[in-house]
There are 2 protein chains.
Amino acid sequence: MGERITIYDTTLRDGAQREGVSFSVEDKLRLVRRLDRLGVHLIEGGWPGANPKDSEFFAAARDLPLAAARLAAFGSTRRPGVAPEQDANLQALLDAGTPVVTLFGKAWDFHVTAALKTTLEENLAMIRESVAYLVAAGREAVFDAEHFFDGYKRAPEYALACLAAAVEGGARTLVLCDTNGGSLPGEVVAAVTAVRERFPGVVLGIHAHNDSGLAVANSLLAVEAGVRHVQGTINGYGERCGNADLCSLLPLLQVKLGFDCLSSEQLASLTRTAHYVAELANLPPQSNQPFVGRSAFAHKGGVHVSALMRHPETYEHLPPEAVGNERRVLVSDQAGAANVRYKAEEYHLDLDRHSSTTRLLLDTIKNLEYQGYSFEGAEASFELLMKKMLGIYQPFFELIEFRLISEKREHNGEPLAEATVKLRVGEQVKHTVAEGDGPVNALDKALRLALQEAYPRIAEITLTDFKVRVLDGKAGTAAKVRVLIESRDAERAWGTVGVSTNIIEASWRALVDSIEYGLMLETRS
Amino acid sequence: MGERITIYDTTLRDGAQREGVSFSVEDKLRLVRRLDRLGVHLIEGGWPGANPKDSEFFAAARDLPLAAARLAAFGSTRRPGVAPEQDANLQALLDAGTPVVTLFGKAWDFHVTAALKTTLEENLAMIRESVAYLVAAGREAVFDAEHFFDGYKRAPEYALACLAAAVEGGARTLVLCDTNGGSLPGEVVAAVTAVRERFPGVVLGIHAHNDSGLAVANSLLAVEAGVRHVQGTINGYGERCGNADLCSLLPLLQVKLGFDCLSSEQLASLTRTAHYVAELANLPPQSNQPFVGRSAFAHKGGVHVSALMRHPETYEHLPPEAVGNERRVLVSDQAGAANVRYKAEEYHLDLDRHSSTTRLLLDTIKNLEYQGYSFEGAEASFELLMKKMLGIYQPFFELIEFRLISEKREHNGEPLAEATVKLRVGEQVKHTVAEGDGPVNALDKALRLALQEAYPRIAEITLTDFKVRVLDGKAGTAAKVRVLIESRDAERAWGTVGVSTNIIEASWRALVDSIEYGLMLETRS
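Residues numbered from 1 in each chain as written. Chains lettered and ligands numbered in written order. Predicted model: local features only at pLDDT ≥ 70, side-chain atom pairs only at ≥ 80, totals over all residues. Heavy atoms only, no water.

A. Representation of the packing of aromatic side chains within the structure. All names here are of chain B. Considering all chains together, one arrives at 22 aromatic pairs over all chains under this definition. An angle of 65 degrees between the planes, with centres 6.4 Å apart, marks the rings of tyrosine 393 and phenylalanine 396 as edge-to-face. What makes tyrosine 393 buried here is its relative accessible area of 13%. With a centroid separation of 4.7 Å and an interplanar angle of 40 degrees, the aromatic rings of phenylalanine 402 and tryptophan 508 are classed as tilted. Of this pair, phenylalanine 402 sits in strand 11 (residues 398-409) while tryptophan 508 sits in helix 18 (residues 503-524); the two residues are 106 residues apart in sequence, bridging distant segments of the chain. (Phe/Tyr/Trp six-rings, centres within 6.5 Å; stacked < 30°, edge-to-face > 60°. Buried < 20%, exposed > 50% of the residue type's maximum accessible area, 1.4 Å probe, protein only. Helix = DSSP H or I, 4+ residues; strand = E, 2+ residues; numbered from the N terminus.)

Encoded structure:
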């Protein structure tokens, strides 16, 4: 194994700056667990001083059992003229209770005078004193030198003085930020080299933005020039054109350059992790994304295929398995069947003795995925599907009909939603009606009313999240819709999915799976 | 002006390899005209030997009046053991009648023996003789050395021998291809440097793929190492993860490195060209694309905006006008009055003399955003809101009521959706009903039915995209939902938004804004 690189993930903070992305506290907690499993070393959770939601997150994150990752809180140096112990932002950083604190400060003289409106000397004191204050409180301090490369280009000595102030304060890592994303590879290498000479004992980091399409290259070249701490986001999410994409950097650093970042098992979960994050961000995965995109190892048939099968390196720069992706020349049924068997094992279902069932299951999944289903994040629907096809599922009820009415009277009137549900539960027919905060909520309530007598456990099942993805925007309001529902009881959480051109129907399917799975859990234990 | 770089566009051939893209002959002719206006120097039209549609294209393209661009046809060297004049592919290349022909040949020994299944000597003869044959017929020959970097890494002397064969045949330009997209910047620079030393008088080119997320960086570094011919595609379209994106390379080479590629007027048409190509490729423009993406110069924070107005270079690495893009100040809860005034100016609304209105508008926005509205990507709703608050909006209709019924009979029955809408349009009351592919589609249809007589223009307005975001997952099915609708007529596109806990109501609001804005556009012109 090569030298170690510290991977610093800022999907939860910088990634959330991407236009249209907004993570709930619950999303963030799920992301932390997933990033920890992926194996990143530091996870930046948010900016507690700027955002009350982030303080709430840190309070909840304290109890998360993490395998190896450590949490970092992000915030700015103290305000000009304010003592550290009087600075609300620094207090919020301490209150976050993370082992690591990442403090950002200005490293471009022009920004100090034009944006911060303070003196160059005061800015240096702000950096030094803020870092020292956090270190004295027992935190490991990472210093993010904002606009470092722009500053270094125009006033190199001042930019270096800012770094020196952070080192004097006790910072363990100096992160050079290309905040505007405009730096060229040669500029990055020259600046990193100079900083390395000036601060020989200090760990250097890189934080690159992609405004010039160079974030991955700049990060890579910075590592080759001596940087050992790399910041980025999953899928390159971030403000404007995004941050350096960890989905490219991890395989490049580890497989191509031989550095030690993750275990190979962890790297092999990269594609799934990328899709999981896209799902929570409610963004479609990008098919042409390097390494983890659906098209990344897609070969157009023809002459290639036989050569490719015998010598994959003729047309592949990296084995797709290394990052958990797959070659798509011929999605071999063998591989597909193996996937299904793998899944079945995960759910303790015995498929080996049913190989024709495996085949049928595979065809069904392919057909459902063609319709727009995705079982990523909807394992409960997948398990129900397998059980139904194996004939080992016991239905809890049977739908006779449902009807949903949503109406609005007058321009500013309150919208109403009313659902009626008719079910067969055992020998009985239950016919219930409920109003709700919207059509899905009304259906949910009516369904619960119909089932509560036969299955009192239903009261323990709560729906915790609800996501809607429009699959084919081009069709306008007639587009297909995928609904993901996340539910939980006291002990565990599960996800279900439904797809239809009718959003009510798609929601209904995900809802029914969610309740069925929840009821099944009780039966199981 | 700096040294000249030849820009070689292969959107029509390599770009069309992107999964899901297929250009008709008419599309290709339109693209050629557009690329010529953009100012690229060479346009690769297709592979006439491999594709009859491409031969048809070249026949039609001969009559296109081009300002400065020259067309190139693409094809392979002769087959092993066949004389050039007997080779159908070379004949098709001549028949294409282009001034430039780009011939690709193998430059990796392993590919010659494993894929071509011929001898290393015969491959050299194939290159030399094929190039010579085309040059003798009066064509300018560009040689694409396929898999050059992989070949150079494993058998450098043979890779260089392939280039020498092309030069002996009379090739004017040697293009080094990273066909699998796996080469690292250092490898590219080392190979280019070596080739330059070996072939001092020859023009060198680069053709990079993006499988490692490095296509733009590798092309840029190759230019810095002496390459003067750059191949790429608009929007980076191409097989797998795509080709080097000319939309990044053009501004980088021209604005940042000072090379002579296009005129500044041409560069200022880059954003429009990128969107035009996306339109013909039937792919949504990528909002986070460097330089030309909708989010590339989008700013959030209120504090930024005032500094930005005075010193754009504090937060922008390049003036957006240089590439025909625009600065976007996102109206968000961090927005200050400066943002609102900036927005008002954009819409030619006079707010300066209504500073109490600015205040009120700001409070309204903050309140709406607190409720979950987001005007990012919904500028039409924002404009309607401003007009309504300024008292200068003329309503087209008034809602009396709507009702939506969605029902399903039997477990596997088809879901139905029916909407009734009652409106006051002028003096008349319209009461309409429609079924749809889902509740929103049904409402859309009923609304259009009610308005078509009074406003026939409604037929020109189409809904092109529909997005749903659940705002607060925690509340489960009672969560708030934000619906974004994108609409267009023949000339322009606009976005609208609606928020409610009831998804039907949220969709209704976005829908109504979309139609009202579309009708207003006609009134305005």
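Now that the structure has been shown, we can carry on.
B. Representation of the pairing of strand 14 (residues 493-500) of chain A in the model. All names here are of chain A. Within strand 14, 7 of the 8 residues are buried, which leaves the element mostly enclosed by the surrounding structure. With 8 bridges connecting them, strand 13 (residues 481-488) and strand 14 associate as antiparallel partners. Its bridge partner being in strand 14, serine 487 is matched across the sheet by tryptophan 494. Two successive antiparallel strands, strand 13 and strand 14, enclose a turn made up of 4 residues. (Pairing = 2+ DSSP bridges.)

C. Structural context of the interface of chain B and chain A. Taken residue by residue, the interface counts 101 residues in chain B and 99 residues in chain A. For glutamate 505 of chain A, the salt bridge is made with lysine 408 of chain B, and the minimal N-O distance between the two is 2.6 Å. Linking chain B with chain A are 24 residue pairs in polar contact (both at pLDDT 80 or more). The set of elements that each furnish at least two residues to the side of chain B that touches chain A consists of helix 4 (109-116), helix 9 (215-224), helix 10 (246-256), strand 11, strand 12 (416-425), helix 17 (439-451), strand 14 (462-470) and helix 18 of chain B. The leading source of residues in the side of chain B that touches chain A is strand 11 of chain B, at 11 residues. Inspection of the sheet shows strand 9 (residues 398-409) of chain A paired to strand 11 of chain B by 9 bridges, in the antiparallel sense. (Contact = heavy atoms within 4.5 Å. Salt bridge = Lys/Arg side-chain N within 4 Å of Asp/Glu carboxyl O. Polar contact = N/O pair within 3.5 Å; in protein donor to acceptor, adjacent residues only side chain to side chain.)

D. Broad picture of the nonpolar core. One finds Phe148, Leu163 and Leu253 of chain A together with Phe148 and Leu163 of chain B to be the most contacted residues of the largest nonpolar core, which totals 193 residues. In this structure leucine 253 of chain A touches Ile5, Ile7, Leu220, Val223, Val230, Gly258, Phe259 and Cys261 of chain A, once residues within four positions along its chain are discounted. Counting 88 residues, the second-largest nonpolar core is a separate cluster that includes Tyr393, Leu443, Leu463 and Val468 of chain A. (Core = buried A, V, L, I, M, F, W, Y, C linked by side-chain atoms within 4.5 Å.)

E. Examining the packing of helix 3 (residues 88-95) of chain B against helix 5 (residues 120-136) of chain B more closely. Residue and element names in this part refer to chain B. Close contact between helix 3 and helix 5 brings their axes to 11 Å; oriented N to C, the two are set at 30 degrees. As summarised for this structure, helix 3 and helix 5 are arranged roughly parallel, according to the angle between their axes. Considering the relative orientation of helix 3 and helix 5, their crossing is right-handed. Judged by residue contacts, Leu90, Gln91, Leu93 and Leu94 of helix 3 engage Ser130, Tyr133 and Leu134 from helix 5. When its residues are assigned to classes, the contact of helix 3 with helix 5 shows 5 nonpolar, 2 polar and no charged. (Axes fitted to C-alpha atoms, helices over the stretch in contact; angles between N-to-C directions. Parallel < 35°, antiparallel > 145°, perpendicular 65-115°, else oblique. Left-handed = near helix turned anticlockwise from the far one by under 90°. Nonpolar A, V, L, I, M, F, W, Y, C, P; charged D, E, K, R; others polar.)

F. Structural view of helix 2 (residues 52-61) of chain B. Residues and elements named next belong to chain B. Every buried residue belonging to helix 2 is among Asp54, Phe57, Phe58 and Ala61, and all of these are buried. All buried residues of helix 2 fall inside an arc of 95 degrees around its axis, so they share one side. Tucked inside the fold, the buried residues of helix 2 contact helix 1 (25-38), strand 2 (42-46) and strand 3 (70-76). (Arc of directions from axis to C-beta.)

G. Structural detail: the sheet that holds strand 15 (residues 481-488) of chain B. Residue and element names in this part refer to chain B. On the basis of which strands lie adjacent, the open sheet formed by 3 strands has the order 14-15-16 and antiparallel pairing. Across the chains shown, the open sheet's two edge strands, defined by having one partner strand only, are strand 14 and strand 16 (493-500). Ignoring which end each strand starts from, the neighbouring axes of this sheet average 20 degrees apart.

H. Representation of the sheet that holds strand 11 of chain B. A sheet is described by the order of its strands in space; here 6 strands give the open sequence 11(A)-10(A)-9(A)-11(B)-12(B)-13(B), paired in antiparallel fashion. The open sheet is flanked by strand 11 (428-435) of chain A together with strand 13 (428-435) of chain B, the only strands paired with a single partner. Within this sheet the neighbouring strands show an average axis-to-axis angle of 10 degrees, counted without direction. Where helix 17 (residues 439-451) of chain A meets the sheet, it contacts strand 9, strand 10 (416-425) and strand 11 of chain A, and its direction lies at approximately 35 degrees from that of strand 10 of chain A. Along the sheet, helix 17 of chain B makes contact with strand 11, strand 12 and strand 13 of chain B, crossing strand 12 of chain B at roughly 30 degrees.

I. Geometry of the pattern of salt bridges. Across all of its chains, the model carries 62 salt bridges over all chains by this definition. The closest approach of N and O atoms between glutamate 383 of chain A and lysine 387 of chain A, which form a salt bridge, is 3.2 Å. You can see glutamate 383 of chain A and its partner lysine 387 of chain A sitting in helix 16 (residues 379-389), 4 residues apart, about one turn around the helix. You'll find glutamate 383 of chain A and lysine 387 of chain A in the same group, each marked buried. When salt bridges that share partners are traced, they join Glu401 and Arg403 of chain A together with Glu407 and Arg409 of chain B into one network.

J. Geometry of the environment of glutamate 26 of chain B. Residue and element names in this part refer to chain B. As for its placement among the helices and strands, glutamate 26 is situated in helix 1. Classification of glutamate 26 as partly exposed rests on a relative accessible area of 44%. When the C-alpha atoms of glutamate 26 and tyrosine 8 are compared, they prove to be 21 Å apart, with 18 residues separating the residues in sequence.

K. Summary view of the side chain of asparagine 243 of chain B. Along the polypeptide, asparagine 243 of chain B turns up in the loop between strand 8 (229-232) and helix 10. Each residue touching asparagine 243 of chain B, except ones within four places of it in the same chain, is listed here: Thr10, Asp14, His207, Ala208, His209, Asn210, Ala215, Thr233, Gly236, Tyr237 and Gly238 of chain B.

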